[in-house]
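# Overview (structure and organization)
For reference, the chains in residue letters:
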Amino acid sequence: MREQILKVLRESGSFVSGQELSSRLNVSRTAVWKAVNQLKEAGYEIEAVQNRGYRLAAAPDVLSAEELSSIRRTAWLGEKIYFYRETDSTNTRARSLAEDGAGHGTVVVAEIQNAGRGRRGRQWTSPEGAGVWFTILLKPDIRPDDAAMLTLVAAMAVARGIERTAGKRPQIKWPNDVVLSGKKVCGILTEMSTQIDYVNHIVVGIGVNVKPQAFPAEIAEKATALETECGKSISRPQLLEAVLEEFEHFYGLYMETMDVSLFMEEYNSFLVNKGRQVKVLDPAGAYEGTALGINGRGELLVERQGEVVTVNSGEVSVRGIYGYV
Ligand code: BTN
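These notes cover the structure that comes with them. (Residues numbered from 1 in each chain as written. Predicted model: local features only at pLDDT ≥ 70, side-chain atom pairs only at ≥ 80, totals over all residues. Heavy atoms only, no water.)

### Some remarks on the pattern of salt bridges
Here is the rule we go by: Salt-bridge detection follows one rule: a side-chain nitrogen of Lys or Arg within 4 Å of a carboxyl oxygen of Asp or Glu. The helix and strand labels rest on DSSP assignments: H or I over at least four residues marks a helix, E over at least two residues marks a strand, and numbering proceeds from the N terminus. Burial classes follow relative accessibility: with a 1.4 Å probe on protein chains only, a residue under 20% of its type's maximum area counts as buried, one over 50% as exposed, and anything between as partly exposed.
Applying the stated criterion across every chain yields a total of 24 salt bridges. E191 is the partner of R95 in a salt bridge, and the nearest nitrogen-oxygen pair spans 3.4 Å. Highlighted residues: R95 in helix α5 (residues 90-99) and E191 in strand β8 (residues 183-194), separated in sequence by 96 residues. Among the residues examined, E191 registers a relative accessible area of 16% and is labelled buried.

### Points about the nonpolar core
So the rule is basically this: We call a set of buried residues a nonpolar core when its members are Ala, Val, Leu, Ile, Met, Phe, Trp, Tyr or Cys and they connect through side-chain atoms within 4.5 Å of each other. Here a residue-residue contact requires only that any non-hydrogen atoms of the pair lie within 4.5 Å.
F134, I136, I206, F247 and Y267 are the most contacted members of the largest nonpolar core, which totals 64 residues. Top contributing element to this core by residue count: helix α6 (residues 149-166), with 12 residues. The residues contacting Y267, other than those within four sequence positions of it, are L152, A155, M156, I172, W174, P175 and I294.

### Thoughts on the sheet that holds strand β14 (residues 317-320)
Two orientations exist for strands paired in a sheet by backbone hydrogen bonds: parallel and antiparallel. Worth spelling out the cut-off: Think of it this way: DSSP has to see at least two bridges between two strands before they count as a pair. Interaxial angle, 0 to 180 degrees, is taken between N-to-C directions of lines fitted to C-alpha atoms, where a helix line uses only the stretch in contact.
Taken in spatial order, the five strands of this open sheet run β13-β12-β11-β10-β14, and their pairing is antiparallel. Strand pairing shows two members of the sheet lacking a second neighbour, β13 (307-311) and β14, which therefore form its edges. Adjacent strand axes in the sheet meet at a mean angle of 45 degrees, parallel and antiparallel pairs treated alike. When strand β11 (residues 287-294) meets strand β12 (residues 300-304), the two strands line up antiparallel, connected through four bridges. Note on β12: the bridge partner recorded for G293 is L301.

### Observations regarding the site of the ligand
Rules: We define proximity as follows: a residue is near a molecule or strand when any one of its heavy atoms falls within 4 Å of that partner. Residues adjacent in sequence count toward polar contacts only when both atoms are side-chain atoms; beyond that, a polar contact is any pair of N or O atoms within 3.5 Å, and within protein one must be able to donate a hydrogen and the other to accept it. The method behind every accessible area is Shrake-Rupley, applied with a 1.4 Å probe, and residues are considered shielded solely by the protein chains displayed. Gly is placed with the polar residues, together with every amino acid not listed as nonpolar (Ala, Val, Leu, Ile, Met, Phe, Trp, Tyr, Cys and Pro) or charged (Asp, Glu, Lys and Arg).
Close contacts around the ligand come from 19 residues, with S89, Q113, R117, R119 and K184 the closest. Within the side chain of S89, an N or O atom sits 2.7 Å from an oxygen atom of the ligand. For the ligand, a nitrogen atom lies 3.1 Å from a polar atom in the side chain of T90. Here the ligand, which alone exposes 420 Å², has 98% of that area covered by the protein. Element by element, the count of residues in the shell around the ligand is highest for β8, at four residues. The residue makeup of the shell around the ligand, split by class, is five nonpolar, 10 polar and four charged.

### Brief notes about the packing of aromatic side chains
Inclusion rule: Centre distance within 6.5 Å is the pairing criterion for rings of Phe, Tyr and Trp, where only the six-membered ring of Trp is used; planes under 30 degrees apart are then read as stacked, over 60 as edge-to-face, and the remainder as tilted.
Summed over the entire model, instances satisfying the criterion amount to four aromatic pairs. Geometrically, the ring pair formed by F250 and F263 is edge-to-face, given 5.2 Å between the ring centres and 70 degrees between the ring planes. Of the two residues, F250 sits in helix α8 (residues 236-257) while F263 sits in the loop between α8 and α9 (264-270), which places them 13 residues apart along the sequence. Their ring planes at 45 degrees and their centres at 6.1 Å tell us that Y251 and Y254 sit as a pair that is tilted. Here Y251 pairs with Y254, and both are found in helix α8, just three residues apart, close to one helical turn. Taking relative accessible area as the criterion, Y251 reaches 5% and is therefore assigned buried. Here a set of aromatic residues connected by ring pairs shows up, and it is made of W76, F247, Y251 and Y254.

It is worth stressing that arrangement in space is one thing and function is another; only the former is reported here.
Take a look at the structure:
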């Protein structure tokens, strides 16, 4: 009911009478009054004026399921949202929820992760209130080989979501970091459970650093936070909502062709590596070249001694030759 009250107040943007709320929600006016008080306790500023009713004056920067559901504008993504104040890792949570039958489009959000995971076995620090740490659970009917491109879907969604919310255009470091002023503001960890030729489920974990924070020494040089870079305060729930809307959009394009060709050009316009010298850390031997952009399969094209090679994200990592980008 709190979620519905928030929805009605948000849609109206002005005062809504207790009577109208009670009849729209089909509950007593006392029940409305109680729920409004609970929302106030949770940090919502709700003005109550006699004969006019209630007005939502301000919302707290919380990622609760009721806040996220009340601002949700997506069609299928986030229809079910699990919120944890503290958990180990939203990717781990989403995997076990998937095994217990959670459906396609479920979103798992945590305020704190005490065992947040990054790529290549690294840790991902996730302090309280400092960022948006969440995972999208997908159960698509696709081939395991096509799943790696979902990381690019997520990177596009984050880049566009940040651009909309922060008003600053980020860049993408192929395949899955989002950067601002050359520093990493977001990481993506895509994991999947498969049979030989069948995908059971895929979890796409996204971590965006929003508030200035003390990063671990080993990444302090290359990490940053959204607010540090754009100099204004960012609403975490609005950012998460924008990323979900964009994810739904780019996922739709991906499913149309089973590749990234429909947004390849847009991805390339965000690509920080484009035209730069990169070092490809291939297990078979590292080499340098010039990054040209991605192809329709989401692979990075690198010009190496006059020849164009295709770099697949599963096997290698790419760095700038002078540092992170
Ligand atoms: C990386 O850049 O190495 C990937 C970082 C991914 C972090 C996110 S935060 C939400 C989700 N849960 C995790 O444990 N990891 C991902």
